[in-house]
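Listed here are the chains, written in short residue letters.
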Amino acid sequence: MKFFLDTANVDEIREAHSMGMVDGVTTNPSLIAKEGRDFKEVITEICEIVDGPVSAEVISTDTEGMLKEARELVKINKNIVIKVPMTIDGIKATCRLSKEDIATNVTLVFSPLQALMAAKAGATYVSPFIGRLDDLAQDGMQLIEQIVEMYSNYAFDTEIIVASVRNPLHVLDAAMLGADIATIPFNVLGKFASHPMTDKGLKAFLDDWNKAKK
Ligand code: G3P
């Protein structure tokens, strides 16, 4: 399973990268805005840190506008993936970009049929938002299960990025279902790196060691 980091914060990316936990990065307009930095500058810096797919999202809502932005964004780095919203215009843009061999990530996916359309349009990645479904008392992980089965039934190449991950259990469940990728906020990655029994055990080892030395 690949881990992407869901952030535009370069310090977080550097830290997770030093642990070998960053196979790629996903950003969105909200995450970029949070950093208060120039969009292209941040994306360029991320690409210098990580040698893997880096999703940069278009802001246009019409196909032509999306294509224009995409063609500019891909000039930044060979690893840029164009993130497009799951709309009819986004699907048209995905279809066109796929024919030009430009990698795409169809985002804001909330239903299996949206994911099916994205795959048929030739999306490289699809991003179902599980946390936001859970927020509505709908089972986000059930959506992942449906997409995994559907893509496997027809051997689609589109990779599933489990997105809107809010807690470690989301990552565990996604891994058990065989999802290709989880895009993980930095604070969630930190949560599943540690365990109270690890801390307790380490403290006991070191206390025993120090006692024996006296
Ligand atoms: O990967 C999508 C993500 O950034 C959205 O997460 O927590 O705002 O639903 P969230």
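Look above for the structure.
In this text, all values refer to a predicted model and were calculated from it rather than measured experimentally.

Enquirer: Now, about a negative patch on the surface: what can you tell me, with residues and values included?
Expert: The grouping of Asp-134, Asp-139, Glu-145, Glu-149 and Asp-173 at the surface amounts to a negative patch. Structurally, Glu-145 is set in helix α8 (residues 140-154).

Enquirer: Run through helix α5 (residues 88-99), naming residues and quoting values.
Expert: Working note: α-helix, 3.6 residues per turn, so residues spaced by three or four point in the same direction. Between its first and last C-alpha atoms α5 spans 17 Å; for twelve residues at 1.5 Å apiece the expected length is 16 Å, and the two agree. Considered for burial, the residues of α5 that qualify are Gly-90, Ile-91, Ala-93, Thr-94 and Leu-97. Taken down its axis, α5 places every buried residue within 160 degrees of arc, on the same side. Turned more than 90 degrees away from the buried face of α5 sit Ile-88 and Lys-99, all of them exposed. If you follow the buried residues of α5, they end up packed against α4 (63-73), β4 (80-85), β5 (104-109) and α6 (112-120). Once α5 finishes, Asp-101 follows within two positions and takes phi at roughly 60 degrees, a positive value.

Enquirer: Tell me about the pairing of strand β1 (residues 2-6), and name the residues and values.
Expert: Counted residue by residue, β1 has four buried out of five residues, so it is predominantly covered. The sheet contact formed by β1 and strand β8 (residues 181-184) spans four bridges and is parallel. Looking at β8, one finds that Phe-3 is bridged to Ala-182. You can see the chain leave β1, run along helix α1 (residues 10-18) and come back into strand β2 (residues 24-26), and the turn it takes is right-handed.

Enquirer: Could you give an account of the packing of aromatic side chains, with specific residues and numbers?
Expert: With the rule as written, the count across this model stands at five aromatic pairs. Ring geometry for Phe-4 versus Tyr-125: centroids 6.1 Å apart, planes at 70 degrees, classification edge-to-face. Taken as a pair, Phe-4 in strand β1 and Tyr-125 in strand β6 (residues 125-128) lie far apart in primary sequence, 121 residues in all. Members of the aromatic cluster, joined through ring pairs, are Tyr-151, Tyr-154 and Phe-156.

Enquirer: Can you break down the pattern of salt bridges residue by residue, with the values?
Expert: Per the counting criterion, the structure on display carries 14 salt bridges. Here Arg-96 and Glu-64 are joined by a salt bridge, their closest N and O atoms 3.3 Å apart. Linking Arg-96 in helix α5 with Glu-64 in helix α4, this pair joins segments that are 32 residues apart in sequence. Each of the salt bridges in this network shares a partner with another, and the network as a whole consists of Asp-11, Arg-14, Arg-37, Glu-41 and Glu-45.

Enquirer: Please provide a residue-by-residue account of the site of the ligand, values included.
Expert: Asp-6, Asn-28, Phe-129, Arg-132, Ala-163, Ser-164, Arg-166 and Thr-183 make up every residue found near the ligand. For the ligand, an oxygen atom lies 2.7 Å from a polar atom in the side chain of Asp-6. Contact between the ligand and Asn-28: an oxygen atom at 3.0 Å from a side-chain N or O atom of the residue. Considered on its own, the ligand offers 310 Å² of accessible surface; in the complex 81% of this is hidden by protein. Partitioning the shell around the ligand into residue classes produces two nonpolar, three polar and three charged.

Enquirer: Can you lay out unusual backbone geometry for me, pointing to particular residues and giving the numbers?
Expert: The phi angle at Leu-108 is positive, at roughly 60 degrees, despite the residue not being glycine. Here Leu-108 shows up in strand β5. Since its relative accessible area comes to 34%, Leu-108 is described here as partly exposed. Although it is not a glycine, Ser-164 sits at a positive phi angle of roughly 60 degrees. Relative to the elements of secondary structure, Ser-164 occurs in the loop between β7 (159-162) and α9 (168-177).

Enquirer: Could you give an account of the nonpolar core, naming the residues involved and the relevant values?
Expert: One finds Ile-82, Tyr-151 and Val-162 to be the most contacted residues of the largest nonpolar core, which totals 58 residues. When residues of this core are assigned to their parent elements, the largest contribution, seven residues, is made by α8. In this structure, Ile-82 is in contact with Ala-56, Val-58, Ala-70, Leu-73, Val-74, Leu-97, Ile-102, Ala-103, Thr-104 and Asn-105, ignoring residues within four places of it in sequence.

Quick notes on the rules
- Residues numbered from 1 in each chain as written.
- Predicted model: local features only at pLDDT ≥ 70, side-chain atom pairs only at ≥ 80, totals over all residues.
- Heavy atoms only, no water.
- Patch = residues over 30% accessible without salt bridge, like charges linked within 9 Å, V, L, I, M, F, W, Y side chains within 5 Å.
- Areas by Shrake-Rupley, 256 points an atom, 1.4 Å probe, with all protein chains shown as cover.
- Salt bridge = Lys/Arg side-chain N within 4 Å of Asp/Glu carboxyl O.
- Lys, Arg positive; Asp, Glu negative; His and termini not counted.
- Charge placed at Lys NZ, Arg CZ, Asp CG, Glu CD.
- Helix = DSSP H or I, 4+ residues; strand = E, 2+ residues; numbered from the N terminus.
- Expected span 1.5 Å × (residues − 1).
- Buried < 20%, exposed > 50% of the residue type's maximum accessible area, 1.4 Å probe, protein only.
- Arc of directions from axis to C-beta.
- Contact = heavy atoms within 4.5 Å.
- Pairing = 2+ DSSP bridges.
- Right-handed = clockwise from strand over helix to strand, strands pointing away.
- Phe/Tyr/Trp six-rings, centres within 6.5 Å; stacked < 30°, edge-to-face > 60°.
- Near = heavy atom within 4 Å.
- Polar contact = N/O pair within 3.5 Å; in protein donor to acceptor, adjacent residues only side chain to side chain.
- Nonpolar A, V, L, I, M, F, W, Y, C, P; charged D, E, K, R; others polar.
- Core = buried A, V, L, I, M, F, W, Y, C linked by side-chain atoms within 4.5 Å.

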